[in-house]
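# Architecture at a glance
The primary structure of each chain is shown beneath.
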Amino acid sequence: MTDIDWDELRRTAVAAMQRAYAPYSRYRVGAAALVDDGRVVAGCNVENASYGVGLCAECALVGDLHMSGGGRLAAFVCVNGEGETIMPCGRCRQLLYEFAQPGMLLQTVSGIRTIDEVLPDAFGPRDLEAAQAGPTTQGER
């Protein structure tokens, strides 16, 4: 993996944010991520009159990831309508964790962090694989 161009990721996230559909909250969000094969994927939030069925930018980004060939996310940034870095909510951190390579980096409001730092003790595919493998002792993951 080459060096991460955080400026390019931010520009891509801002461009995605400008395409957001946010007529209800007027809170536009764009996200961009570097994939482990060097591609950049992006997404924006898409609201709905039935508020609960709106899509976060991270959801659109994961859709773009799969539509463009899959892979694992290596670096991620998310911006608001002013282009400022924002943190993904807990639900979206869980979504990102599912598709992150180990140690994925996120540009956050408090600097560059790993996915494990922003979602400690995460539940993921390994937990399901372990459950299917059979019983474990309490506290073992």
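Structural data are supplied above this passage.
Please read all numbers here as calculations on a predicted model, not as lab measurements. (Residues numbered from 1 in each chain as written. Predicted model: local features only at pLDDT ≥ 70, side-chain atom pairs only at ≥ 80, totals over all residues. Heavy atoms only, no water.)

## As for the overall build of the protein
A count of helices and strands for the protein gives five helices and five strands. Of the regular secondary structure in the protein, the N- to C-terminal order runs α-β-β-α-β-α-β-β-α-α. Taking 2.2 N^0.38 as the reference for a compact globule, 141 residues should give roughly 14 Å; the C-alpha atoms of the protein span a radius of gyration of 16 Å, in line with that estimate. Principal axes of the C-alpha set define a box for the protein whose edges measure 50 × 40 × 30 Å. By residue count, 38% of the 141 residues in the protein fall in the buried class. Of the contacts made within the protein by residues no fewer than 6 positions apart, 57% connect residues no fewer than 24 positions apart. With an accessible surface of roughly 8100 Å², the protein has 52% of that area assigned to carbon and sulfur atoms. Of the side chains in the protein, 12 bear a positive and 18 a negative charge, and the two mean positions are spaced by 6 Å. (Helix = DSSP H or I, 4+ residues; strand = E, 2+ residues; numbered from the N terminus. Rg over C-alpha atoms; globule rule 2.2 N^0.38 Å. Buried < 20%, exposed > 50% of the residue type's maximum accessible area, 1.4 Å probe, protein only. Contact = heavy atoms within 4.5 Å. Areas by Shrake-Rupley, 256 points an atom, 1.4 Å probe, with all protein chains shown as cover. Lys, Arg positive; Asp, Glu negative; His and termini not counted. Charge placed at Lys NZ, Arg CZ, Asp CG, Glu CD.)

## Some details on the nonpolar core
Counting 23 residues, the largest nonpolar core has Leu-61, Leu-73, Phe-76, Met-104 and Ile-115 as its most contacted members. If you list the elements that add at least two residues to this core, you get strand 1 (30–35), helix 2 (57–67), strand 3 (73–79), helix 3 (90–99), strand 4 (100–108) and helix 4 (115–118). Of all the elements, helix 2 adds the most residues to this core, at four residues. Apart from the residues lying within four places of it in its own chain, the contact partners of Ile-115 are Arg-93, Leu-96, Tyr-97, Ala-100, Gly-103, Met-104 and Leu-106. With 10 residues, the next largest nonpolar core counts Leu-34, Ala-74, Ala-75 and Val-77 among its residues. (Core = buried A, V, L, I, M, F, W, Y, C linked by side-chain atoms within 4.5 Å.)

## Some points on the sheet that holds strand 3
Sheet strands associate in pairs through backbone hydrogen bonding, adopting either a parallel or an antiparallel arrangement. In spatial order, the strands read 2-1-3-4-5; together these five strands make up an open sheet with mixed pairing. Both outer strands of the open sheet, strand 2 (40–44) and strand 5 (111–114), are each paired with one neighbouring strand and no more. When the angles between neighbouring strand axes are averaged without regard to direction, this sheet yields 20 degrees. Sheet analysis places strand 4 next to strand 5, joined by four bridges and oriented antiparallel. (Pairing = 2+ DSSP bridges. Axes fitted to C-alpha atoms, helices over the stretch in contact; angles between N-to-C directions.)

## Some remarks on the pairing of strand 1
Burial analysis of strand 1 places six of its six residues in the buried class, which makes it a mostly covered element. Of the two faces of strand 1, the one holding Gly-30, Ala-32 and Leu-34 and the one holding Ala-31, Ala-33 and Val-35 are both buried throughout. A loop of four residues connects strand 1 with strand 2, the two strands running antiparallel in sequence, and Gly-38 in this loop sits at a positive phi of about 100 degrees. With six bridges joining them, strand 1 and strand 3 adopt antiparallel strand pairing. Each bridged residue has a counterpart across the sheet, and for Val-35 the counterpart in strand 3 is Leu-73.

## Thoughts on unusual backbone geometry
The phi dihedral of Arg-26 is positive, around 60 degrees, even though this residue is not glycine. Tracing the backbone through its elements, the reader meets Arg-26 in the loop between helix 1 (6–17) and strand 1. The phi dihedral of Asp-121 falls on the positive side, at around 55 degrees, and the residue is not glycine. Looking at the secondary structure, you find Asp-121 in the loop between helix 4 and helix 5 (125–133). Take Asp-121: its relative accessible area is 72%, and that puts it in the exposed class.

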